[in-house]
Amino acid sequence: MSDWLPVFAGTGSAAAGGFYLAFSAVVMPALRRQPAKDAITTMVSINEKAVRPPFMILFFGTAAACAAVAVIAATDALTHSPFRVAGAAAYLAGWASTVLVNVPLNNRLSRRGGGQPDRHWHSFQRSWIPANHVRAALSIAGAVGLLVPT
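A brief look at the structure comes next. (Residues numbered from 1 in each chain as written. Predicted model: local features only at pLDDT ≥ 70, side-chain atom pairs only at ≥ 80, totals over all residues. Heavy atoms only, no water.)

**A closer look at the nonpolar core**
Condition: Definition used in this section: a nonpolar core is a set of buried Ala, Val, Leu, Ile, Met, Phe, Trp, Tyr and Cys residues joined via side-chain atoms within 4.5 Å. To sort residues, take the accessible area from a 1.4 Å probe on protein chains only and compare it with the maximum for the residue type: under 20% means buried, over 50% means exposed, and anything in between is partly exposed. Put simply, DSSP marks the helices as runs of H or I at least four residues long and the strands as runs of E at least two long, and each gets a number from the N terminus on.
Residues A9, Y20, C66, V69, A88, Y91 and L146 are the most contacted members of the largest nonpolar core, which totals 16 residues. Among the secondary structure elements, those contributing two or more residues to this core are helix 1 (4-32), helix 3 (53-75), helix 4 (82-111) and helix 5 (117-147). No other element matches helix 3, which puts seven residues into this core. If you look at the next biggest cluster of nonpolar residues, it comprises 14 residues, including L31, A36, A39 and M43.

Here it is in structure tokens:
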């Protein structure tokens, strides 16, 4: 396996994990201090900005690199690395969590409109924040597994 592929995948996993960690540690606590309507408006705006090339390249490029690392590390006897397979799997699990949990919650929040913002914001946070913690932890664990020297 080329030495650059796990480094690319691990660095991407670390960057994504740091991005999610920043949401857990800084963004969501700051939004909780805002009125629900303002928090919703801000979160919808953040989500719209996220769907642009810098983050999309990181998000999907890292997933592709992790998939390649996992396949190569699991099938090539010369480069077999359980740490790399586990790291790639961890990032991909966080990626799947984003696609299956966080993105649908983001989309639902943006469609809710202005009615009952307190209820919508509370419901959103109750599901989104724990899912964000999970994807942050999985991405960071993925980076560790991918970047451990073999």
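From this point, the narrative continues.
**A word on the layout of surface pockets**
Quick note on the threshold: Buried and open spaces are told apart on a 1 Å grid over the protein atoms alone, a cavity being a set of points where a 1.4 Å probe fits but cannot get out and a pocket being an open set with protein on both sides within 12 Å along at least five of seven lines. Residues with an atom within 4 Å of a point are the lining residues. Grid points are joined across faces, edges and corners, and a volume is the space filled by probe spheres set on the points. Polar here means any residue outside two lists: the nonpolar Ala, Val, Leu, Ile, Met, Phe, Trp, Tyr, Cys and Pro, and the charged Asp, Glu, Lys and Arg; Gly therefore counts as polar.
Counted as a void, the largest pocket has a volume near 380 Å³. Going through the elements one at a time, helix 1, helix 2 (36-50), helix 3, helix 4 and helix 5 are the ones with two or more residues in the lining of the largest pocket. Here the element with the most residues in the lining of the largest pocket is helix 4; it accounts for seven residues. Here the lining of the largest pocket is composed, by residue class, of 14 nonpolar, six polar and two charged.

**Section: unusual backbone geometry**
Not every positive phi belongs to a glycine, and Q116 is a case in point at roughly 55°. Mapped onto the elements of the fold, Q116 is located in the loop between helix 4 and helix 5.

**Here we look at the side chain of N47**
The test is simple: Side-chain atoms alone can form a polar contact between residues adjacent in sequence; in general such a contact is a pair of N or O atoms within 3.5 Å, and within protein one must be able to donate a hydrogen while the other accepts it.
In this fold, N47 is placed in helix 2. At 3.3 Å, the side chain of N47 forms a polar contact with the side chain of N106.

**Considering a positive patch on the surface**
Stated precisely, the cut-off is as follows: For patch building, the residue pool is restricted to those with more than 30% relative accessible area and no salt bridge; the joining distance is 9 Å between like charges and 5 Å between nonpolar side chains (Val, Leu, Ile, Met, Phe, Trp, Tyr). Each accessible area value is a Shrake-Rupley result obtained with a 1.4 Å probe; residue values ignore everything except the protein chains displayed when judging cover. Salt bridges are defined as contacts in which a side-chain nitrogen from Lys or Arg sits within 4 Å of a carboxyl oxygen from Asp or Glu. Under the convention used here, Asp and Glu are negative, Lys and Arg are positive, and both His and the chain ends fall outside the count. A single reference atom marks each charge: NZ on Lys, CZ on Arg, CG on Asp, CD on Glu.
Taken together, the side chains of R108, R111, R112 and R119 make up a positively charged region of the molecular surface. Residue placement: R112 occurs in the loop between helix 4 and helix 5. Taking the relative accessible area as the measure of exposure, R112 reaches 34% and is therefore partly exposed.

**As for a nonpolar patch on the surface**
On the surface, L21, I140 and V144 cluster together into a nonpolar patch covering about 250 Å² of accessible area. Within the secondary structure, L21 is located in helix 1. L21 gets classed as partly exposed once you look at its relative accessible area, which sits at 43%.

**Some remarks on the packing of helix 2 against helix 4**
The criterion, for reference: Helix axes use the C-alpha atoms of the stretch in contact, all axes being lines fitted to C-alpha atoms, and the angles between their N-to-C directions lie in the range 0 to 180 degrees. Relative orientations are named as follows: roughly parallel for angles under 35 degrees, roughly antiparallel for angles over 145 degrees, roughly perpendicular for angles from 65 to 115 degrees, and oblique for any other angle. Two helices cross in a left-handed way if the nearer one is turned anticlockwise from the farther one by less than a right angle. They cross in a right-handed way if the turn is clockwise. Here a residue-residue contact requires only that any non-hydrogen atoms of the pair lie within 4.5 Å.
Interhelical geometry of helix 2 versus helix 4 gives an angle of 125° and a closest axis separation of 10 Å. Relative to helix 4, the element helix 2 lies oblique. The hand of the helix 2/helix 4 crossing is left-handed. Of the residues in helix 4, those in contact with I40, M43, V44 and N47 of helix 2 are N106, L109 and S110.

**A few points about the environment of G61**
Secondary-structure assignment places G61 in helix 3. Leaving out residues up to four positions away in the same chain, G61 has contacts with F8 and M56.

**With respect to the packing of helix 4 against helix 5**
Relative orientation of the contacting elements helix 4 and helix 5 amounts to 160°, with a least axis distance of 7 Å. Compared by their axis directions, helix 4 and helix 5 come out roughly antiparallel. The handedness of the crossing between helix 4 and helix 5 is left-handed. In terms of residue class, the contact of helix 4 with helix 5 is made up of 15 nonpolar, 12 polar and two charged.

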